[in-house]
Amino acid sequence: MENDSYKTNAYKLLAGIADRDLLKKENFTKIKAMIEARELFLWEINDDILKLKLFHPELLVEGEKYTDSGWVQQKWFKEGEYHWMYQLRPVPQRAEDYNEYFARAIRERNNVYIAHFLHHYEGILNSRAERFIETYAISSSYFADLKLTFVSILWEEFLVYDPTNPIPLLQIIKPKVNHAWHRMVAKQIGALTVNEKVYANWRKISAIAKKYREEDLTLEQLEEKISSELPKLTKRDIRYALRMLSGWRDALPISYKPSPEHNYGYEPRCAYADTLPDTGAEPIDAPLMREEMRNAFTSAFVPLTEAERELFRDANGVDTRTFEILPQMSKGELSIKYGYADESGVNKAEGVLHYKIVAELSAIRYTDSVGVVRTSPPEGCEKKKNIFYYKYFPRCEADGGVIAVDASKKDTIDYEVIEVADGDTTLSHRYAKLAAGLLNRRRLVDEKRKLPWRTITAWFKTGDI
């Protein structure tokens, strides 16, 4: 990432720091100096990691030893493996009490007991993560991140745990795990740097809105109900919170209409009007959702040239300034009007246009997206049959990572992260997983089961234009 771009994004993330200790002048100055010296990755600029770096560097050293130890190994991941990440063969002996695993690990100075604990506890952890996802309606793709966050906190607290403590380790880490998991929910609802107090208010408002959802209230009536139950909040705060409620549901991918083959690897064009199924009654926050979507796309259309706006209008039947629904032109008509030799030229131009729009939507954090493009084997990687290398770009960032994809199987692909992209999650490599899943879906719909050269997918908040 270019230096200016790095600093711009770094200081945006720094503005979201809420921990009181980190905000103290001497600590905040240290963090800014680290940014100026480019000593921090962007994903490290958050409360939890900065507190470790500044106040507990010894835990990071221990964590590196843990990562490099013999019982933590890199491997190819498959879809669904995240449910049973910690299973061991042969099955370890089960302890009578979960805390016994930690006590034995400390007494015998053998961390293998942590692995034994995870083997027997994983079923319970799966249930907790699934229930949390269902309760707060975040994307199921966060499942692995929830589990890995639990393990990360468990390990940090285990390193300083006193086995004579009458309070079990699992009880000690419970509030810390809940806090970390809720930070994921806060990010999912579109607030990358949400204040914890604001987020707590949003949770309360969400619960109240859910209670009254079946009463078919108008937006004004719902605001009055919430105001009566939360009198300390202003109507402006309540209205803004209702506007954010759409992000508490699973994000829907932009839907695509069919297009001819040979589209240069780009996705078929977007069908924005088809993004919501017909569920009957309109949600009470639908007007706000539509307003938010309209504002987001207005911002995303700003960098487009007049020629690009015209192409988008003719291809999708939507005026980029007024959002008026207009007749769509066929691919043949578009190729004639814009001077392309055939429909493949139109497909390529639309692909470039859609990537540009998604990049803008990602920049304002309205979408979550990942794009992939075929690349040559990186230095040190062999060229093998059925092994393909792709660069992947979380949220259309300029600096991507690299994954190796094994396409030797018919119905699924395995993948390995060769280089982690800037902006990907630290532990589970969420965007690498999404990129591999996207490639596999595109391959399954191809008649010849070929992997695409280039593709992109984006999720955005529910609503229509």
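Cut-off values and rules
- Residues numbered from 1 in each chain as written.
- Predicted model: local features only at pLDDT ≥ 70, side-chain atom pairs only at ≥ 80, totals over all residues.
- Heavy atoms only, no water.
- Helix = DSSP H or I, 4+ residues; strand = E, 2+ residues; numbered from the N terminus.
- Buried < 20%, exposed > 50% of the residue type's maximum accessible area, 1.4 Å probe, protein only.
- Contact = heavy atoms within 4.5 Å.
- Areas by Shrake-Rupley, 256 points an atom, 1.4 Å probe, with all protein chains shown as cover.
- Salt bridge = Lys/Arg side-chain N within 4 Å of Asp/Glu carboxyl O.
- pLDDT = per-residue confidence, 0-100.
- Axes fitted to C-alpha atoms, helices over the stretch in contact; angles between N-to-C directions.
- Parallel < 35°, antiparallel > 145°, perpendicular 65-115°, else oblique.
- Nonpolar A, V, L, I, M, F, W, Y, C, P; charged D, E, K, R; others polar.
- Phe/Tyr/Trp six-rings, centres within 6.5 Å; stacked < 30°, edge-to-face > 60°.
- Lys NZ or Arg CZ within 6 Å of the ring centre and 35° of its normal.
- Core = buried A, V, L, I, M, F, W, Y, C linked by side-chain atoms within 4.5 Å.
- Polar contact = N/O pair within 3.5 Å; in protein donor to acceptor, adjacent residues only side chain to side chain.

**Focus: the overall build of the protein**
Inference 1: In terms of helices and strands, the protein carries 17 helices and six strands.
Inference 2: Out of the 465 residues in the protein, the part that is buried amounts to 45%.
Inference 3: At a minimum sequence separation of 6, the contacts of the protein that also span at least 24 residues come to 62%.
Inference 4: Of the roughly 24900 Å² of accessible surface on the protein, a fraction of 52% belongs to carbon and sulfur atoms.

**Comments concerning the pattern of salt bridges**
Close approach of charged atoms lets side chains of opposite charge pair.
Inference 1: What the rule picks out here adds up to 17 salt bridges.
Inference 2: For the salt bridge of Lys7 with Glu36, the shortest nitrogen-to-oxygen distance reads 3.0 Å. Linking Lys7 in helix α1 (residues 3-14) with Glu36 in helix α3 (residues 25-36), this pair joins segments that are 29 residues apart in sequence.
Inference 3: Judged by relative accessible area, Lys7 falls into the partly exposed class, the value being 24%.
Inference 4: The salt bridge partner of Glu108 is Arg104, with a shortest N-O separation of 3.5 Å. Highlighted residues: Glu108 and Arg104, both in helix α6 (residues 98-108), separated by four residues, approximately one helical turn.
Inference 5: Judged by relative accessible area, Glu108 falls into the partly exposed class, the value being 40%.
Inference 6: Looking at Arg104, the relative accessible area reads 30%, which means it is partly exposed.
Inference 7: Shared partners join several salt bridges into a network, and the residues in it are Glu310, Arg313, Asp314 and Lys337.

**Here's the deal with the confidence of the model for the protein**
Inference 1: For the protein, per-residue confidence averages 77 on the pLDDT scale, and 79% of positions sit at 70 or higher.
Inference 2: Here residues 66-79 scores under 50 on pLDDT; set against residues more than four positions off or in separate chains, the count is 23 contacts.
Inference 3: Note on residues 461-465: pLDDT under 50 across the span, and 23 contacts to partners over four residues away in sequence or across chains.

**Quick notes on the packing of α3 against helix α4 (residues 47-55)**
Inference 1: At their nearest, the axes of α3 and α4 sit 12 Å apart, and the two run at 100 degrees to each other. Here α3 lies roughly perpendicular to α4, going by the angle between them. Two secondary-structure elements touch here, α3 through Asn27, Ile31 and Met34 and α4 through Leu50, Lys53, Leu54 and Phe55.
Inference 2: Its residues placed into classes, the contact of α3 with α4 shows five nonpolar, one polar and one charged.

**A short note on the packing of aromatic side chains**
Two aromatic rings, taken as a pair, are described by how far apart their centres are and by the angle between their planes.
Inference 1: One pass over the full model with this rule turns up twelve aromatic pairs.
Inference 2: Residues Phe117 and Tyr121 carry aromatic rings whose centres are separated by 4.9 Å and whose planes lie at 20 degrees to one another, so their mutual orientation is stacked. Here Tyr121 and Phe117 lie together in helix α7 (residues 112-136), a separation of four residues that amounts to about one turn.
Inference 3: Ring geometry for Phe132 versus Trp181: centroids 5.2 Å apart, planes at 65 degrees, classification edge-to-face. Of this pair, Phe132 sits in helix α7 while Trp181 is found in helix α9 (residues 169-188), placing the two residues 49 residues apart along the sequence. The residues Phe132 and Trp181 share a single accessibility class, namely buried.
Inference 4: Taken together, Tyr98, Tyr101, Phe102, Phe117, Tyr121, Phe150, Trp155 and Phe158 form an aromatic cluster joined through their ring pairs.
Inference 5: Of note, Arg374 hangs over the ring of Trp453, and the distance from its end group to the ring centre comes to 4.2 Å.
Inference 6: Stacked on the ring of Tyr431, the Lys or Arg Arg430 has its end atom at 5.2 Å from the ring centre.

**So, the nonpolar core**
Inference 1: Counting 51 residues, the largest nonpolar core has Phe117, Phe150, Leu154, Trp181, Tyr392, Ile403 and Leu439 as the members making the most contacts within it.
Inference 2: Per-element accounting of this core gives the leading share, ten residues, to helix α8 (residues 143-158).
Inference 3: Residue contacts for Phe150: discarding those within four places in its chain leaves Phe117, Tyr121, Leu125, Arg128, Leu170, Ile173, Val177 and Trp181.
Inference 4: Ranked by size, the runner-up nonpolar core spans 18 residues in total, among them Phe323, Val346, Ala349 and Ile357.

**A closer look at the packing of helix α14 (residues 306-316) against helix α16 (residues 343-363)**
Inference 1: Where α14 meets α16, the closest approach of the two axes is 11 Å, and the angle between their N-to-C directions is 105 degrees. One element, α14, and the other, α16, form an angle in the roughly perpendicular class. Seen from α14, the contacting residues are Glu308, Leu311, Phe312, Ala315 and Asn316; seen from α16, they are Ala349, Glu350, Leu353, His354, Lys356 and Ile357.
Inference 2: Here the contact of α14 with α16 is composed, by residue class, of six nonpolar, two polar and three charged.

**Quick look at the environment of Asp97**
Inference 1: Among the structural elements, Asp97 can be located in the loop between α5 (57-68) and α6.
Inference 2: Note on Asp97: relative accessible area 45%, which makes it partly exposed.
Inference 3: As a C-alpha pair, Asp97 and Phe117 span 20 residues in sequence and 9.9 Å in three-dimensional space.
Inference 4: Engagement of the side chain of Asp97 in a polar contact is seen with the backbone nitrogen of Asn99, the distance being 3.1 Å.

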